[in-house]
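Structure at a glance
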Amino acid sequence: MTAAAPKKIGVLLATFVVANNMIGSGFFLLPASLATQGSVTAISWLVGTVIAVVLGGAFARLARDYPDLNCPDDYVRPALGRDMGFLATTLYWAASWAGNNAIAVAAFGYLILLLPLDGDNTTVRLAGQLVLIWLMLAINLAGPRKVATFQSFCVVFGLLPVAAVLVGGWGSFDAALFAAGWNVTENSDVAVVFANLAPVFWSFVGLETGAMIAGIVDDPDRNVPRATIAGILLAGVVYLVSSVLVMGIVPAAELAASGAPFALVAAAVFGPWAAALIAGAAALKATGTLGGWMLVAGESGARAAHRGYLPAIFGRLWANGAAGWGLLFVAVAMTAIAFLTLAPTVAGQFGTIVGMVTLLIVLAYVAAGLSLLVGTPRHPSGAKEKALGSVALLACAVLIFSSPWTMIFGAFGVALLAWVLFRVFGRRTG
């Protein structure tokens, strides 16, 4: 008797998967980073949402041609060759673990409020981030199932109190306060909006996951594009609403100096008791996100190793399914980044990390646009694919050139160094 095929998920559940993979550390800490610029950054959220929708559409189209894809190499190599497949795969892998540092910064920024420690002490913050990194490593080494269980717990109990603030906070919203903090820089509104596109886009990283789960979605040709776009729009609305809300309740200068902006808002709306509740919930959700993305880093590293793009040891799985050796490398690398990016404030350290990581992710997204534009003999590029690929590349260009030149040169330098090492030492199998 043939076993029944596993039941696939519908468009609604797929939409929430996409949205949940995006709503993480950026949601909890970016209001503090953006407050250094002003509430004009609400426009950055609008533009960032449009860019995310464009790129999400590109990935949704690729999912139709490659329904079993689980790695950038699956859609890049057929169109652009092995070298571009290597770059897209390894840049995505590197960004997935480097970005975990930003999540650790956000998580400990809230957790410190519950501990009898000095949150302004950089040594304390560094130690706290390292504890979270290695604790999440321990959970990941226990196997993917343990990570999934832990993450589910964090999602449920982490978002509910924050949702209460988003709903109940509007009674305390002060339009005059929001207007007073519109632009607290010496630059024009357009310059501020443009300069904050890359940090804002960090919050949309994960938009590609709709395409990555196409194999478990019912009627993927129709539902993956719907779930991807709907998930992005849902996340965009949450980001925009929360950003406007917090900047209309707490003065910009106070937000910018905070490592836990939502806790400040909760205290202003409901009283001091609420700050601790929100801090705990936000720390829990961000910690769950950290554990989940560490799992992604281990798995994407293993897939890259199986294709010959990383040393074979990264692809060795333990008996429980954990990519143990790759995860150990990730934890050590994250530890080094924590030391290198340490800054006087939580928001400052967070901003440095997300700026760097966003550019690496966008370079990987460039490969998706090029793949659509070029096509393959099996999946030729028609007018629709060429148009979608061109617009996706334009969106990537906007994100790249909105970043500081030092970060742009740094990201391209990392890509070039990785490619040279691959050409010299890369394994030619797979």
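Residues numbered from 1 in each chain as written. Predicted model: local features only at pLDDT ≥ 70, side-chain atom pairs only at ≥ 80, totals over all residues. Heavy atoms only, no water.

A short note on the overall build of the chain
For the chain, the helix and strand inventory stands at 20 helices and 0 strands. Each of the three principal axes of the chain carries a C-alpha extent, and together these read 60 × 50 × 45 Å. Sequence-distant contacts in the chain: of pairs separated by 6 or more residues, those separated by 24 or more amount to 81%. Per element, the accessible surface of the chain, about 17400 Å² overall, is 71% carbon and sulfur. The chain carries 21 positive and 17 negative side-chain charges, and their two centres are separated by 13 Å. (Helix = DSSP H or I, 4+ residues; strand = E, 2+ residues; numbered from the N terminus. Contact = heavy atoms within 4.5 Å. Areas by Shrake-Rupley, 256 points an atom, 1.4 Å probe, with all protein chains shown as cover. Lys, Arg positive; Asp, Glu negative; His and termini not counted. Charge placed at Lys NZ, Arg CZ, Asp CG, Glu CD.)

Some details on the environment of phenylalanine 59
Mapping phenylalanine 59 onto the fold places it in helix α3 (residues 41-65). Judged by relative accessible area, phenylalanine 59 falls into the buried class, the value being 3%. Spatially, the C-alpha atoms of phenylalanine 59 and proline 31 are 28 Å apart, while their sequence positions differ by 28 residues. In contact with phenylalanine 59, other than residues within four places in its own chain, are Tyr75, Leu207, Glu208, Ala211, Tyr365 and Ala368. (Buried < 20%, exposed > 50% of the residue type's maximum accessible area, 1.4 Å probe, protein only.)

Observations regarding the state of the cysteines
For the structure on display, the rule yields 0 disulfides. No disulfide involves cysteine 396; its sulfur sits 17 Å from the nearest other cysteine sulfur, which is in cysteine 71. (Disulfide = S-S within 2.5 Å.)

Things to note about helix α17 (residues 324-340)
Count 3.6 residues to each turn of an α-helix, and residues three or four apart come out pointing the same way. Over its 17 residues, α17 extends 25 Å from the first C-alpha to the last, a length consistent with the 24 Å expected when each residue adds 1.5 Å. Of the residues making up α17, those classed as buried are Gly324, Gly326, Leu327, Val330, Ala331, Ala333, Met334, Thr335, Ile337 and Ala338. (Expected span 1.5 Å × (residues − 1).)

Overview of the confidence of the model for the chain
Here the chain averages 85 in pLDDT, and 94% of its residues register 70 or above. Ranking the elements of the chain by mean pLDDT puts helix α12 (residues 209-212) last with 74 and helix α10 (residues 189-195) first with 94. (pLDDT = per-residue confidence, 0-100.)

Looking at the nonpolar core
Within the largest apolar cluster, 134 residues are counted, with the highest numbers of intra-cluster contacts made by Leu55, Trp97, Phe201, Phe204, Leu207 and Phe262. At 16 residues, the largest contribution of residues to this core is made by helix α18 (residues 346-374). Sequence-distant contacts of leucine 55, defined by excluding residues within four places in its chain, comprise Phe201, Leu207, Tyr365, Ala392, Ala395, Cys396 and Leu399. (Core = buried A, V, L, I, M, F, W, Y, C linked by side-chain atoms within 4.5 Å.)

Overview of a nonpolar patch on the surface
Together, Val11, Leu12, Phe16 and Leu234 make up a nonpolar patch on the protein surface, roughly 350 Å² of accessible area in all. Per-element tally for the nonpolar patch: the top contributor is helix α1 (residues 11-22), with 3 residues. Relative to the helices and strands, leucine 12 is located in helix α1. (Patch = residues over 30% accessible without salt bridge, like charges linked within 9 Å, V, L, I, M, F, W, Y side chains within 5 Å. Salt bridge = Lys/Arg side-chain N within 4 Å of Asp/Glu carboxyl O.)

Things to note about the packing of aromatic side chains
The geometry of an aromatic ring pair comes down to the distance between the two centres and the angle between the two planes. Scanning all chains against the criterion turns up 22 aromatic pairs. Ring centres of phenylalanine 59 and tyrosine 365 lie 5.3 Å apart, and the angle between their planes is 75°; on these two criteria the pair is classed as edge-to-face. Separated by 306 residues along the polypeptide, phenylalanine 59 in helix α3 and tyrosine 365 in helix α18 bring together distant segments of the chain. According to the relative accessible area criterion, tyrosine 365 is buried, its value standing at 2%. Geometrically, the ring pair formed by tryptophan 405 and phenylalanine 409 is tilted, given 5.8 Å between the ring centres and 35° between the ring planes. Residue tryptophan 405 and its partner phenylalanine 409 are both found in helix α20 (residues 405-425); the two are separated by 4 residues, about one turn of the helix. (Phe/Tyr/Trp six-rings, centres within 6.5 Å; stacked < 30°, edge-to-face > 60°.)

Let's talk about the packing of α3 against helix α19 (residues 383-401)
Between α3 and α19, whose axes approach to 9 Å, the crossing angle comes to 140°. The orientation of α3 relative to α19 falls into the category oblique. For the pair α3 and α19, the crossing hand works out as left-handed. Of the residues in α19, those touching α3 at Ile51, Val54, Leu55, Gly57, Ala58 and Arg61 are Glu385, Leu388, Val391, Ala392, Ala395, Cys396, Val398 and Leu399. Tallied by class, the residues present in the contact of α3 with α19 amount to 11 nonpolar, 1 polar and 2 charged. (Axes fitted to C-alpha atoms, helices over the stretch in contact; angles between N-to-C directions. Parallel < 35°, antiparallel > 145°, perpendicular 65-115°, else oblique. Left-handed = near helix turned anticlockwise from the far one by under 90°. Nonpolar A, V, L, I, M, F, W, Y, C, P; charged D, E, K, R; others polar.)

Here's the deal with the pattern of salt bridges
Between side chains of opposite charge, pairing is possible as soon as their charged atoms come close. One pass over the structure, following the stated rule, counts 7 salt bridges. Among the salt bridges present, the one from aspartate 73 reaches arginine 307, with a minimum N-O distance of 3.1 Å. Residue aspartate 73 is found in helix α4 (residues 73-80), and its partner arginine 307 is found in the loop between α16 (272-306) and α17; the two are separated by 234 residues along the sequence. In this structure, aspartate 73 and arginine 307 share a single accessibility class: buried. With a closest N to O distance of 3.3 Å, aspartate 219 and arginine 222 form a salt bridge. Look at aspartate 219 and you get partly exposed, because its relative accessible area is 35%.

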